[in-house]
Amino acid sequence: MIVLALIAAALMNGDWLTVVAHAQKYFDGGHQQLHHRPQLSCTSFYDEFKVQVFWAMAIGYGIYFGFCGYLEWKYYVKRRGQETQWKCQPNRHLPRHLFWDQIKWGCIGLVATNAVSAAVATHVKCGGFSKVYIAFGQYPWWWWILQWPVIFLQQDYVTYWIHRSFHSKFLFKHFHSVHHKYFQPTPWSVTAIHPVELIVVQLAMVTPIFIYPVHWIPFYGLALYTYYHGIVQHSGVALKAQWWQPWQPDCMFHDNHHQYCHVNYGFNCFMWDKIHGSMRKIDRCYSEHTDSWGSGRPLAELSSKERYREIQERIAENPIAYREQFNPYLLQQHIDGDIQ
């Protein structure tokens, strides 16, 4: 499944087009002209864009329906009735109307992401400015190694703040609420996001190629990593980070975000939430109606009805989805009504 997810991540959002464009630069003379960008021939930006966007859409939609359909069949169909063994919220499924709604918005989102990717690829292919370099020897080897964490941390930190800002009242109401209709995310919801928000995020992701020199292998290798985790984190499946990924939250981290809304804003690093106080806390209640900046409501302020609802909400979480193999947020209600 990991191999399939990596292939899907590479092709679904259209970023493979820019890889091809840079490869063409290399084979058309970029490997011989280390300090000069070769100007590739294209009839016009518009004509080239039409070609790029056609292939982006064709491949993107094929991967979206192929890979998401595979995950749907592998877990939600084939293992139906065994949700306690694999699902983050085992006793809850999206209502049928939201199932089709996420596919509708997912297709709309793909239009946005693939259009941006096609535009960037066309810009590169037509000789437009970028700081991406092709030849290994153009910059020191230490920078080739260092740029992996530099690019990764920049992109993830910026997208953390973009995501968190879209939880402010205005942006959430008009844009991000589209994505938060899915309290039980599935693979189909990975691009079920308002196109305005998707474009903002994708533009932030490509920003490094216009700021400082980046080799195409680290840049697109990290894009592959990011898109892969974007797919699996929305899968609703209790997948966990590998031993070599101490920075990476498990899928339950983002599933909590969909279940409780205004908390856990990070994607590929949970440390941003720790640093900025938006990581889920056991003594706080989170929902669409609580503080949008991730502080939550103290449990002591809840009414009896709200306490009961909070307890039931936490019971709905699958303990095996947590790395500890138990739910660290589970609450117990004593006879006197206190919560521990």
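Each value, and the rule that gives it
Residues numbered from 1 in each chain as written. Predicted model: local features only at pLDDT ≥ 70, side-chain atom pairs only at ≥ 80, totals over all residues. Heavy atoms only, no water. 1 Å grid on protein atoms, 1.4 Å probe; cavity = no way out; pocket = protein on both sides within 12 Å on 5 of 7 lines; lining within 4 Å. Points joined across faces, edges and corners; volume = space filled by probe spheres on them. Helix = DSSP H or I, 4+ residues; strand = E, 2+ residues; numbered from the N terminus. Expected span 1.5 Å × (residues − 1). Buried < 20%, exposed > 50% of the residue type's maximum accessible area, 1.4 Å probe, protein only. Arc of directions from axis to C-beta. Patch = residues over 30% accessible without salt bridge, like charges linked within 9 Å, V, L, I, M, F, W, Y side chains within 5 Å. Areas by Shrake-Rupley, 256 points an atom, 1.4 Å probe, with all protein chains shown as cover. Salt bridge = Lys/Arg side-chain N within 4 Å of Asp/Glu carboxyl O. Phe/Tyr/Trp six-rings, centres within 6.5 Å; stacked < 30°, edge-to-face > 60°. Lys NZ or Arg CZ within 6 Å of the ring centre and 35° of its normal. pLDDT = per-residue confidence, 0-100. Contact = heavy atoms within 4.5 Å. Core = buried A, V, L, I, M, F, W, Y, C linked by side-chain atoms within 4.5 Å. Lys, Arg positive; Asp, Glu negative; His and termini not counted. Polar contact = N/O pair within 3.5 Å; in protein donor to acceptor, adjacent residues only side chain to side chain.

An unreviewed UniProt entry lists the protein under the name Methylsterol monooxygenase 1-like, with Aphis craccivora as the source organism.

1. Notes on empty space enclosed by the protein
In this structure the tally under the stated criterion is three cavities of 30 Å³ or more. Looking at the largest cavity, its volume works out to about 560 Å³. Lining the largest cavity we find 28 residues, and of these Ile-193, Val-201, Thr-226, Tyr-227 and Phe-267 sit closest to its centre. Looking at the lining of the largest cavity, the elements with two or more residues in it are helix H5 (141–165), helix H7 (195–206) and helix H8 (216–233). Counting residues per element, the lining of the largest cavity draws most heavily on H8, at six residues.

2. A few points about helix H11 (residues 304–315)
The end-to-end C-alpha separation of H11 is 17 Å, in line with the 16 Å expected for 12 residues at 1.5 Å each. Residues of H11 that are buried: Arg-307, Glu-310, Ile-311, Glu-313 and Arg-314. For H11, the buried positions fall inside an angular range of 160° around the axis, keeping them on one side. For H11, exposure combined with an orientation more than 90 degrees from the buried face picks out Ser-304 and Lys-305.

3. Examining a nonpolar patch on the surface
A grouping of Val-51, Phe-54 and Trp-55 is seen on the molecular surface, where their side chains present a nonpolar patch of about 320 Å² in accessible area. Mapped onto the fold, Phe-54 is located in helix H3 (residues 45–77).

4. Structural notes on the packing of aromatic side chains
Two aromatic rings, taken as a pair, are described by how far apart their centres are and by the angle between their planes. Scanning all chains against the criterion turns up 27 aromatic pairs. Through a chain of ring-to-ring contacts, three or more aromatic side chains come together here, namely Tyr-64, Phe-65, Phe-99, Trp-100 and Trp-188. Sitting above the plane of the Tyr-75 ring, Lys-74 keeps its charged end 5.6 Å from the centroid. Against the face of Tyr-329 rests Arg-280, its NZ or CZ located 3.9 Å from the ring centre.

5. Some remarks on the confidence of the model for the protein
Per-residue pLDDT for the protein has a mean of 88; in total, 85% of the residues score no lower than 70. Confidence over residues 32–39 falls short of pLDDT 50; this stretch has 13 contacts with residues more than four positions distant or in other chains. Segment residues 334–340: pLDDT under 50, and 12 contacts once partners within four positions in sequence are set aside and those in other chains are kept.

6. Concerning the pattern of salt bridges
Note on pairing: side chains with opposite charge can pair once their charged atoms come close. All told, the structure shown has 11 salt bridges when counted by the stated rule. Where Asp-283 meets Arg-284, a salt bridge forms, and the shortest distance between an N and an O atom there is 3.3 Å. Judged by its relative accessible area of 39%, Asp-283 is partly exposed.

7. Section: the nonpolar core
Core analysis: the biggest nonpolar cluster contains 19 residues, and Ile-151, Phe-152, Ile-209, Tyr-212, Val-214 and Phe-219 have the highest contact counts within it. Broken down by secondary-structure element, the contributors of at least two residues to this core are helix H4 (96–125), strand E1 (132–133), H5 and H8. Top contributing element to this core by residue count: H5, with five residues. Those residues in contact with Tyr-212 that lie beyond four places of it in its chain are Lys-131, Trp-143, Val-150, Ile-151 and Gln-154. Counting 15 residues, the second largest nonpolar core, distinct from the first, contains Phe-67, Cys-68, Leu-110 and Val-237.

8. Observations regarding the side chain of Arg-164
Within the element layout of this structure, Arg-164 appears in helix H5. Although Arg-164 lies buried, it forms no salt bridge, and the closest oppositely charged side chain, Asp-273, sits 6.0 Å away as judged by the N-O distance. In this structure the side chain of Arg-164 is engaged in a polar contact, spanning 2.6 Å, whose partner is the side chain of Tyr-160. Residues in contact with Arg-164, not counting those within four places in the same chain, are Tyr-265, His-276, Ser-278 and Trp-293.

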